Amino acid sequence: PHLIPRLGTSRSPMATAGRLLRLGGGRDVLHVAVMPCFDKKMEAGRRDFLWDGGAGGVEVKDVDLVLTTSELLSLVRDAAGEHDADAAFLCREDDGAAHAALPA
């Protein structure tokens with residue numbers, strides 16, 4: 001409890017980018033963040049990242065949706081199908097973890 005006054009109040013880069021997008025007139029844009037960590041999903045859902053959008057008291061989220069990099073790679077794999085060699089190369093799995101690999 002004695003360290004609480006020393007906690008930082010800065011926003012994460014994801015939340016900052018979302019707020020800048022919204023303030024720049026992007027209230028009608030679907031803001032999707034692709035992040036490597038599942039914790040960003042919880043962060044995006046926090047109530048302190050909601051603010052009054054001014055349109056009839058509607059609350060606006062800084063970030064609408066968070067996809068992890070693993071989820072994005074799964075979506076690419078599913079969309080490409082099993083017979084797409086380029087997608088298979090770009091979305092390979094090594095040691096149980098998904099990695100995006102670029103051709104040399």
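See the structure printed just above.
What counts and what doesn't
Residues numbered from 1 in each chain as written. Predicted model: local features only at pLDDT ≥ 70, side-chain atom pairs only at ≥ 80, totals over all residues. Heavy atoms only, no water. Salt bridge = Lys/Arg side-chain N within 4 Å of Asp/Glu carboxyl O. Helix = DSSP H or I, 4+ residues; strand = E, 2+ residues; numbered from the N terminus. Contact = heavy atoms within 4.5 Å. Buried < 20%, exposed > 50% of the residue type's maximum accessible area, 1.4 Å probe, protein only.

Draft legend 1. Representation of the pattern of salt bridges. This structure, assessed with the given rule, holds five salt bridges. Between Asp-64 and Arg-22 there is a salt bridge whose closest N-O contact spans 2.4 Å. With Asp-64 in the loop between β3 (59–61) and β4 (65–68) and Arg-22 in helix α1 (residues 13–23), this residue pair connects regions lying 42 residues apart in the sequence. Within this structure, Arg-11, Arg-19 and Asp-62 form a network of salt bridges that share partners.

Draft legend 2. Summary view of the side chain of His-31. Looking at the element boundaries, His-31 is found in the loop between α1 and β1 (32–35). Once you skip the residues sitting within four places of it in the chain, His-31 turns out to touch Met-14, Ala-17, Gly-18, Leu-21, Arg-22, Asp-62, Val-63, Asp-64 and Leu-65.

Draft legend 3. Geometry of the environment of Thr-68. Examined against the element boundaries, Thr-68 turns out to sit in strand β4. Of the residues examined, Thr-68 reaches a relative accessible area of 1% and is grouped as buried. When the C-alpha atoms of Thr-68 and Ala-33 are compared, they prove to be 8.3 Å apart, with 35 residues separating the residues in sequence. Non-local contacts of Thr-68, meaning those with residues more than four positions away in its chain, are made with Met-35, Cys-37, Phe-38 and Lys-41.

Purely geometric stuff here, so don't read any function into it on its own.
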